[in-house]
Amino acid sequence: MTSDAVKDTAVLDVVDVPEEWKVVSSVRHFSGRVITVVTDAVVMPDGEVVNRDYALHPGSVAVVALDDQDRVLLLRQYRHAAGHLLWELPAGLRDVEDEPLQEAAARELAEEAGYRARTWHTLVDAFTSPGMTGERTRIFLARDLSLIPEGEFDFVGRHEESDMPVVWIPLSDAVRRALAGMIHNSQAVAGILAAYAASADAFASLRPADAPEA
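In this report, we go over the structure that sits alongside the text. Here the residue index of a chain counts from 1 through its sequence in written order. Restriction of local features to residues with pLDDT of at least 70 applies here, the model being predicted, together with a cutoff of 80 or more for giving and counting side-chain atom pairs; totals for whole chains, interfaces and linings are based on all residues. Side-chain numbers here rest on the full set of heavy atoms in the structure, without hydrogens or water.

1. Brief notes about the nonpolar core
Take the buried residues of types Ala, Val, Leu, Ile, Met, Phe, Trp, Tyr and Cys, join any two whose side-chain atoms come within 4.5 Å, and each joined set is a nonpolar core. In this scheme, a residue with accessible area under 20% of its type's maximum is buried, one over 50% is exposed, and one in between is partly exposed, where area comes from a 1.4 Å probe on protein chains only. Judged by nonpolar contacts, the single largest core of 22 residues is most densely connected at Val64, Val72, Leu74, Leu89, Leu123, Leu141 and Ile192. Strands here mean DSSP runs of E at least two residues long; helices mean DSSP runs of H or I at least four residues long; both are numbered from the N terminus. When contributions to this core are tallied by element, the ones reaching two or more residues are strand S4 (60-65), strand S5 (71-79), strand S9 (136-147), helix H3 (171-179) and helix H4 (186-198). Looking at this core element by element, the count peaks at 5 residues for H4. Residues within four places of valine 72 in sequence aside, it is in contact with Val64, Ala65, Leu66, Leu89, Val167, Trp168, Ile169, Leu171 and Ala174. In terms of nonpolar packing, the next biggest core, distinct from the first, is built from 15 residues, Val63, Leu73, Ala105 and Trp120 among them. Two residues form a contact once any of their heavy atoms are found within 4.5 Å.

So, in structure tokens, the structure goes:
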């Protein structure tokens, strides 16, 4: 890399910003329960028009639930597209119109794991696979946890959610497993590593739970 190139990159602000290149046509090929598959003809900076295929997605939330022993809650779910049983965070779709993201996350934590939390922070925001989908995920850190009493919550899991074992493992062990390629779910990997990094200052630098998405 030349010194001029180093100078140029040094003045760039390393922050993601919204951008939308011109689309001259758009075709919807398929609409399912969750995703819609689209091909857009997009104008490149040099004027060439190229096709880009992607999936429209409503977005998602996930929760790193951390107890007072610095253990993280993980659950195992079958993922047909991946062909794996994956260890994951409690997570779900943004499928309730106008529902605040923290409320969606709290609902997933209750439904999938049977816990509620008193303390919430925004842990990390991410696009799960930006080369093929616009899915946005917000991963929360939830602490001061308590088990929801039996009979107070009547959610019944169906299909893949009907049998999801739940484990608590030390956060440091979860980090080791993520780095060793034993945990693959992108929300789980991002959330585990982010929580471990944020624990360095006892989570003081984290954004509030209702922080806006850029």
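2. Re the environment of tyrosine 78
Summarising the element assignment, tyrosine 78 is placed in strand S5. As a C-alpha pair, tyrosine 78 and glutamate 112 span 34 residues in sequence and 14 Å in three-dimensional space. At 2.6 Å, the side chain of tyrosine 78 forms a polar contact with the side chain of histidine 80. Counting of polar contacts relies on pairs of N or O atoms within 3.5 Å, with two restrictions inside protein: one atom must be capable of donating a hydrogen and the other of accepting it, and residues adjacent in sequence are counted only when both atoms are side-chain atoms.

3. Considering the sheet that holds strand S3 (residues 49-56)
Paired through their backbone hydrogen bonds, the strands of a sheet run either parallel or antiparallel. Strand pairing requires that DSSP identify at least two bridges connecting the strands. Spatially, 3 strands are ordered S1-S2-S3 in an open sheet, and the strand pairing comes out antiparallel. Looking along the sheet, the strands with just one partner apiece sit at the ends: strand S1 (23-31) and S3. Strand-to-strand twist of the sheet, defined as the mean angle between neighbouring strand axes without regard to direction, takes the value 20°. Two elements, strand S2 (residues 36-43) and S3, share 8 bridges in a ladder whose sense is antiparallel. Within the sheet, the bridge partner assigned to aspartate 40 lies in S3 and is arginine 52. Only the contacting stretch of a helix is used when fitting its axis, a line to C-alpha atoms as for every element, and angles between N-to-C directions run 0 to 180 degrees.

4. Structural notes on the pairing of S2
Counted residue by residue, S2 has 6 buried out of 8 residues, so it is predominantly covered. Two elements, S1 and S2, share 7 bridges in a ladder whose sense is antiparallel. Among the inter-strand pairings, valine 27 is bridged to a residue of S2, identified as threonine 39. Between S1 and the antiparallel strand that follows it, S2, lie 4 residues.

5. Description of the pattern of salt bridges
Any Lys or Arg side-chain nitrogen located within 4 Å of an Asp or Glu carboxyl oxygen qualifies as a salt bridge. The tally for this structure, following the rule as stated, stands at 11 salt bridges. The salt bridge partner of arginine 71 is aspartate 67, with a shortest N-O separation of 2.7 Å. For arginine 71, a relative accessible area of 26% puts it in the partly exposed group. You can call aspartate 67 buried: its relative accessible area is 13%. In this structure, the salt-bridge partner of glutamate 213 is arginine 94, at a minimum N-O distance of 2.8 Å. Here arginine 94 lies in the loop between strand S7 (91-93) and helix H2 (101-113) and glutamate 213 lies in the segment after strand S11 (207-208), a separation of 119 residues in the sequence. One salt-bridge network, in which partners are shared between bridges, spans Asp95, Glu99, Arg107 and Glu108.

6. Re the sheet that holds S7
Taken together, 5 strands build an open sheet; the order of strands is S7-S4-S9-S8-S11 and the sheet is mixed. This sheet does not close on itself; its edge strands, each paired only once, are S7 and S11. Note: S4 against S7, 3 bridges, orientation antiparallel. Its bridge partner lying in S7, serine 60 is registered against leucine 93. The sheet contacts of H2 involve S4, S7, strand S8 (115-127) and S9, and relative to S8 the element is tilted by about 115°.

7. Observations regarding the packing of H3 against H4
In the contact formed by H3 and H4, the axes pass within 9 Å of each other and the chain directions differ by 130°. By the angle between their directions, the pair H3 and H4 is classed as oblique. The handedness of the crossing between H3 and H4 comes out as left-handed. Each of Leu171, Ser172, Ala174, Val175, Ala178 and Leu179 in H3 lies in contact with H4, whose residues at this interface are Val189, Ile192, Leu193, Ala195 and Tyr196. Gly counts as polar in this scheme, as do all residues outside two lists: the nonpolar Ala, Val, Leu, Ile, Met, Phe, Trp, Tyr, Cys and Pro, and the charged Asp, Glu, Lys and Arg. The class makeup of the residues in the contact of H3 with H4 is 10 nonpolar, 1 polar and no charged. Here the word oblique covers every angle except those under 35 degrees (roughly parallel), over 145 (roughly antiparallel) and from 65 to 115 (roughly perpendicular). Crossing handedness: left-handed means the near helix sits turned counterclockwise from the far one by under a right angle, and right-handed means the same turn made clockwise.

Purely geometric numbers; function is a separate question.
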